[in-house]
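# Topology and contacts: notes
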Amino acid sequence: MLFKFIVTFFLFIFLKSSNELQELKIGGLFSDPIEKIAYQRTLKLMNEEYIGPFFQYNVTSHCFNVSDTNTFKAYIDTCNLLEKGIIGLFGPSSSYSSSYIQSICDRKEIPHVEIHSDPKLDRRYCSVNLHPHPTVLANVYLDLVKAFGWHKMIILYEKYESLSSISNLLELNVSHQKNVLIRKLETDINGSYHISLMNAKKTGETNFIIECSINVLDSVLKQAQQVGMMTDNYHFIIANLDMHTIDISPYQYAGTNITGLRIVNPNSPDVIRHTKEIQKLIIPSTNFNENFQGIKLRLRTALTIDSVRLFYETVHDLLSAGIINLNTQPMYCNTTDSWHNGYTIINYMKRRVFDGLTGELRFDYEGFRRDFKLDIMELSVEGLIKIGDWNSTSRQIVTKHLNRAEPLLTERNLFNKTFFIITCLTAPYAMLKETTTQLIGNDRFEGFGIDVIDKLSKLLGFNYTIIIQPDGQYGNFNRTSNEWNGMIKEIIEDRADFGIVDLTITSERENGVDFTMPFMNLGICILYRKPEPVPPSLFMFASPFSLSVWLMLGVAYFLVSFAIFVIGRLSPSEWVNPYPCVEEPEFLINQFSIRNCLWFTVGALMQQGSELEPKSISTRTASGVWWFFTLIMVSSYTANLAAFLTVETLVTSFKNIEELSRQTEIKYGAKRDGATANFFRDSNISTYQKIWRHMALHPEDMVNSNDEGVAKVEKENYAYLMESTSIEYETERHCSLAQVGNLLDDKGYGIAMKKFSEYRNEMSREVLKLQETGELSQLKIKWWKEKRGGGKCASKSEGGDATPLDLKNVGGVFLVLFVGSIMGLIGSFLEMAYQVWQECKEKKRCFKEDLIRNLKFVVHFKQNIKELSYDDDDNEVSEANLLESIKS
Ligand code: GLU
């Protein structure tokens with residue numbers, strides 16, 4: 001470190017002694033003394049900063065004072081400067097002389113640096129201008145007008161030349177059918193603007209764009225106040241980037257909306273430093289302390305400082321890098337010679353990215369400033385505050401409402417003011433009170449929205465008058481006419497201050513108005529008739545199993561019965577002695593005959609059992625497996641049957657939006673021009689696009705209000721796309737209706753107010769407070785569940801435990817019982833008839849007589865003993881028969 005210092009020191013001494021500082025001259029043409037001071041001071045600072053062992057040049061300046069309109073003098077002075085051998089020319093700051101001087105500099109290849117607002121669209125090769133081009137600046141005013149949603153406005157301008165900085169606004173008349181009037185700020189014989197301002201006031205217009213020089217802006221605003229235009233009804237956009245340098249505190253409590261722009265941030269440390277230094281030079285005796293509140297650095301002064309620094313640093317870098325060598329020579333206006341380094345310097349300046357007092361400096365190929373940022377300023381009770389940014393490249397206004405400092409007095413903004421609150425008669429947000437007494441004013445209305453406004457008015461201390469939007473339109477932007485309608489239009493056009501109803505916060509509406517934080521969250525859903533329960537069928541008892549299971553069960557029954565029959569026959573243990581007393585029986589019998597097997601399996605299936613007892617391991621195994629099978633089947637059947645009998649099966653025509661969009665039977669729609677319809681219109685999801693196509697093709701399915709939609713759902717086969725909170729409200733009262741499917745999106749309702757409204761923060765904060773304290777939930781319960789028929793459907797749905805089974809549910813079981821019994825009766829009759837027929841055939845008796853006799857015996861219920869009449873040889877026959885039957 002020490003070594004480096006010593007080497008540098010000796011090198012400096014050596015170079016200093018061996019080489020005197022070379023003088024580089026630059027020239028300046030100034031009409032403003034402060035700009036001249038800033039220029040000279042910056043040059044001095046730069047010399048002090050840069051002259052050293054490696055930069056042996058002292059840049060000196062030759063300045064002339066020229067008036068803005070004296071082109072000839074500017075020309076003569078330029079020629080004089082050229083004769084001095086200057087390497088760069090600054091100024092003049094006038095668009096009158098600028099073209100002449102530019103063309104001379106171009107011809108002589110002398111870098112020409114300008115800082116004034118120059119509307120010319122072409123630029124000479126050897127020039128740069130640090131001032132943002134007026135046509136680019138015009139964009140910010142256009143963007144502001146759009147953001148504020150102005151449809152009518154008056155442009156008050158001071159000079160024709162300055163109209164270029166608001167030129168785009170003039171096109172609004174044609175391109176956007178806006179009503180833009182242009183009025184010149186004429187001075188009367190006393191030099192005042194009163195008459196112009198009074199005439200402007202008489203038009204009834206409240207939106208103004210004021211384009212004038214900073215020197216007259218103060219008087220214009222003062223006189224606007226004198227003619228009564230500085231009230232909260234008026235909104236001014238000041239098209240001058242120096243607005244913040246004048247004192248506008250007199251209007252700060254008047255509620256006037258004043259919006260301006262700035263490129264120089266007076267609070268930046270660099271700006272403060274330069275301002276103090278310049279102030280010292282202007283008024284040397286002033287005692288500056290830390291709370292210095294003196295002059296404010298104007299844009300052109302800041303640009304002068306930036307331009308000298310940019311030029312100096314470029315020359316320094318080029319010389320240090322050996323890219324140019326500055327052999328200057330005197331040049332004359334009447335000769336054709338030129339300097340060969342000018343274009344190199346100017347091209348390097350254009351390519352440089354430089355951090356100046358006016359933000360980052362970048363130039364395009366033609367030397368126009370590009371990519372600059374502006375602060376959007378607004379007058380509030382705290383003074384002028386930054387509310388957003390604007391970027392010349394993206395042309396986006398980024399507002400920072402929520403980052404704004406808190407107002408000094410919380411209640412100052414709204415306190416004691418009276419506002420018009422616009423709403424629509426939509427239940428339960430705003431409704432007419434149901435009463436026989438005549439009510440007037442706000443008393444006529446009640447509802448959730450009305451209660452919210454009432455609570456806010458008590459918290460913030462404002463008064464309000466409720467007005468009703470006659471056509472019931474909330475606010476939709478017509479993309480062809482570029483016009484808003486409904487409540488939003490009323491707010492934009494100042495006929496209402498706040499709008500409250502089920503007003504959905506959408507990005508489109510955010511372009512026209514501002515919203516508070518949402519006071520309710522919701523999403524789009526489908527309202528449709530409740531699903532119909534399936535009517536119970538006679539054979540409902542069969543429902544627990546599907547047909548295939550029943551069929552498989554039947555097959556299994558027969559197969560297992562046959563298997564047990566075979567196993568029984570195969571298994572020796574199943575062959576038993578019919579007469580255990582006979583030790584050596586002549587034959588063995590087997591209980592598993594095919595009839596018994598069928599009976600045995602059915603007994604197990606019905607959980608009843610039979611008297612048959614498997615003896616061998618194999619039959620027991622088979623039986624055990626069958627019993628296990630029947631156990632599971634019967635348990636499953638029983639469980640499922642309980643569910644089938646007690647739970648109502650509902651038939652739904654569709655379960656979600658996809659199914660709704662696929663079918664054609666059920667008509668569907670939404671509220672015309674509402675946020676729901678617009679959601680489908682703007683969505684990229686194919687299902688929603690399909691829904692929107694349907695809506696567009698069937699305007700008859702769209703409705704004008706939620707009430708109309710609900711009535712349509714009740715009467716027709718119609719599904720209404722509605723917001724979940726409203727569905728909740730309707731299903732509390734219309735028990736045949738229900739919500740189908742899930743929410744399609746997630747959004748909220750907010751209170752609308754004018755764009756950039758100063759009340760937004762306070763209102764939002766209080767809305768949040770109401771939410772946090774649970775007051776909004778209380779209000780929701782009151783208006784949804786309690787008032788105006790709320791809770792009607794809740795009792796029905798809540799009491800639904802087990803319902804007794806109806807005959808319809810179990811009718812089939814009775815039928816089976818009945819049919820089974822009849823079949824048993826018929827079977828027993830046939831059995832008896834067959835037996836009688838066989839006997840008659842054997843004994844050659846009359847079948848009819850025997851049958852009647854047997855039937856008589858059957859109906860003779862008192863007789864419980866049946867006598868048998870045997871013939872002599874009958875005994876043998878019957879014994880033989882018995883044996884045979886046992887064997888079989
Ligand atoms: N809340 C909607 C709106 O703000 C109206 C109802 C709807 O579109 O479902 O436009």
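Residues numbered from 1 in each chain as written. Predicted model: local features only at pLDDT ≥ 70, side-chain atom pairs only at ≥ 80, totals over all residues. Heavy atoms only, no water.

The UniProt entry for the protein chain carries this comment under Sequence similarities (unreviewed entry): "Belongs to the glutamate-gated ion channel (TC 1.A.10.1) family." Here is the UniProt Subcellular location (unreviewed entry) comment for the protein chain, exactly as written: "Postsynaptic cell membrane". (UniProt positions renumbered as here; feature names shortened; annotations may be inferred.)

Let us look at the overall build of the protein chain. Secondary structure assignment for the protein chain yields 28 helices and 35 strands. With 888 residues in all, the protein chain has 45% of them scored as buried. Restricting the contact set of the protein chain to residue pairs at least 6 apart, pairs at least 24 apart contribute 69%. Summed over its atoms, the accessible surface of the protein chain is roughly 46,000 Å², and 56% of this surface lies on carbon and sulfur atoms. (Helix = DSSP H or I, 4+ residues; strand = E, 2+ residues; numbered from the N terminus. Buried < 20%, exposed > 50% of the residue type's maximum accessible area, 1.4 Å probe, protein only. Contact = heavy atoms within 4.5 Å. Areas by Shrake-Rupley, 256 points an atom, 1.4 Å probe, with all protein chains shown as cover.)

We now examine the layout of surface pockets. Here the largest pocket defines a volume of roughly 1,200 Å³. For the largest pocket, the lining is made up of 41 residues, of which S117, S213, I214, N240 and R300 are closest to its centre. Elements supplying a minimum of two residues to the lining of the largest pocket: α2 (33–50), α4 (95–108), α5 (134–148), α8 (214–226) and α10 (299–320). Residues of the lining of the largest pocket, tallied by class, amount to 14 nonpolar, 16 polar and 11 charged. (1 Å grid on protein atoms, 1.4 Å probe; cavity = no way out; pocket = protein on both sides within 12 Å on 5 of 7 lines; lining within 4 Å. Points joined across faces, edges and corners; volume = space filled by probe spheres on them. Nonpolar A, V, L, I, M, F, W, Y, C, P; charged D, E, K, R; others polar.)

Ranked by internal contacts, the top residues of the largest apolar core, which has 85 residues, are Y141, I209, F311 and L374. Ignoring anything within four residues of it in the chain, the contact list for I209 reads V145, W150, M153, I154, I155, L156, I166, L169, I237 and A239. The next biggest cluster of nonpolar side chains, apart from the first, holds 48 residues, and it includes L414, L456, M763 and L770. (Core = buried A, V, L, I, M, F, W, Y, C linked by side-chain atoms within 4.5 Å.)

The environment of the ligand is made up of Y474, D502, L503, T504, R509, K671, G674, A675, T676, E723 and Y749. Between the ligand and D502, the relevant distance is 2.5 Å, taken from a nitrogen atom to a main-chain nitrogen or oxygen of the residue. For the ligand, an oxygen atom lies 2.8 Å from a polar atom in the side chain of R509. Expressed as a share of its isolated accessible area of 290 Å², the protein-covered part of the ligand is 99%. Split into classes, the residues belonging to the shell around the ligand amount to 4 nonpolar, 3 polar and 4 charged. (Near = heavy atom within 4 Å. Polar contact = N/O pair within 3.5 Å; in protein donor to acceptor, adjacent residues only side chain to side chain.)

So, on to the state of the cysteines. Throughout the structure, instances matching the rule amount to 2 disulfides. Each sulfur in the disulfide pair C79 and C333 lies 1.9 Å from the other. Since a negative S-S torsion denotes a left-handed disulfide, the C79-C333 link at about -110° is left-handed. Here C333 lies in the loop between α10 and α11 (342–351) and C79 lies in helix α3 (residues 71–83), a separation of 254 residues in the sequence. Here the two residues C79 and C333 agree in accessibility, since each one is buried. In this model C735 forms its disulfide with C793; the gap between the sulfur atoms is 2.0 Å. (Disulfide = S-S within 2.5 Å.)

The 5 strands lie next to each other as β2-β1-β3-β4-β5, forming an open sheet whose pairing is parallel. In this open sheet, the two edge strands, each paired with only one partner strand, are β2 (57–65) and β5 (127–129). Ignoring strand direction, the axes of neighbouring strands in this sheet form an average angle of 20°. Here strand β3 (residues 86–90) pairs with strand β4 (residues 112–114) via 2 bridges, running parallel. From the neighbouring strand, F90 faces β4, where its bridge partner is V113. In this fold α2 packs onto β1 (22–30), β2 and β3, with an angle of close to 175° to the strand it touches most, β2. Here α11 sits on the sheet and contacts β4 and β5; the angle it forms with β5, its principal contact strand, is near 30°. (Pairing = 2+ DSSP bridges. Axes fitted to C-alpha atoms, helices over the stretch in contact; angles between N-to-C directions.)

Moving on to the side chain of E158. Considering the arrangement of structural elements, one finds E158 in the loop between β6 (152–157) and α6 (167–175). It turns out E158 is buried and unbridged, and the closest side chain with the opposite charge, K159, is 4.6 Å from it. Side-chain polar atoms of E158 contact the backbone nitrogen of S213, separated by 2.6 Å. Those residues within four positions of E158 in sequence are excluded, and the remaining contacts are K184, L185, Y193, E211, C212, S213 and V216. (Lys, Arg positive; Asp, Glu negative; His and termini not counted. Salt bridge = Lys/Arg side-chain N within 4 Å of Asp/Glu carboxyl O.)

In total, this model carries 41 aromatic pairs according to the counting rule given. Their ring planes at 50° and their centres at 6.0 Å tell us that F600 and W627 sit as a pair that is tilted. You can see F600 sitting in helix α16 (residues 594–605) and its partner W627 sitting in helix α17 (residues 617–646), a full 27 residues away along the chain. A relative accessible area of 2% means that F600 is categorised as buried. Since its relative accessible area comes to 41%, W627 is described here as partly exposed. Here the aromatic rings of W626 and F629 are separated by 5.2 Å at their centres, their planes lie at 25°, and the arrangement is stacked. In this pair, W626 and F629 are both assigned in helix α17, 3 residues apart and thus about one turn of the helix distant. In this structure F629 comes out as partly exposed when scored by relative accessible area, which is 29%. Put simply, the rings of Y429, F448, F519, Y729, Y749 and W784 pair up and form one aromatic cluster. Over the aromatic face of Y718 sits the side chain of K712, whose NZ or CZ is 5.0 Å from the ring centroid. (Phe/Tyr/Trp six-rings, centres within 6.5 Å; stacked < 30°, edge-to-face > 60°. Lys NZ or Arg CZ within 6 Å of the ring centre and 35° of its normal.)

In this approach a probe as big as a water molecule rolls over the atoms, and the regions it shows empty are the leftover space. By the definition in use, this model includes 4 cavities of 30 Å³ or more. Quantified by volume, the largest cavity comes out at close to 130 Å³. Lining the largest cavity are 14 residues, with D502, K671, T676, N706 and E723 positioned closest to its centre. Counting residues per element, the ones that place at least two in the lining of the largest cavity are α19 (675–682) and β32 (718–723). The element best represented in the lining of the largest cavity is β32, accounting for 4 residues. Taken as a whole, the second largest cavity holds about 50 Å³ of empty space.

To continue, consider unusual backbone geometry. With an omega dihedral of 0°, the bond running from G91 to P92 counts as a cis peptide bond. Tracing the backbone shows P92 in the loop between β3 and α4. The amide bond that connects A427 to the next residue, P428, takes the cis arrangement and shows omega of 0°. Residue placement: P428 occurs in the loop between β17 (418–423) and β18 (431–432). Backbone geometry at F756 places phi at a positive 60°, although glycine is not the residue there. If you check the backbone angles, K844 has positive phi at about 55° while not being a glycine. In this structure, K844 sits in the loop between α26 (807–843) and α27 (847–859).

A few words now on the pairing of β1. By the bridge criterion, 9 bridges tie β1 to β2 in an arrangement that is parallel. Residue pairing across strands places L24 opposite V59, the latter belonging to β2. Since β1 and β2 lie parallel, the crossover through α2 that links them has a hand, and here it is right-handed. By the bridge criterion, 3 bridges tie β1 to β3 in an arrangement that is parallel. Residue G27 lies in a different strand from β3, and its bridge partner there is L89. (Right-handed = clockwise from strand over helix to strand, strands pointing away.)

A few words on the pairing of β32. Strand residues, when the strand is regular, have side chains that alternate between the two faces of the sheet. With 6 of 6 residues buried, β32 lies mostly within the body of the structure. Here β32 shows a buried face lined by Y718, Y720 and M722 and a second buried face lined by A719, L721 and E723. For strand β26 (residues 524–529) and β32, the ladder comprises 4 bridges, and the chain directions are antiparallel. Among the inter-strand pairings, I524 is bridged to a residue of β32, identified as E723. Note that strand β31 (residues 667–669) and β32 share 3 bridges and pair parallel. Note on β32: the bridge partner recorded for K667 is Y718.

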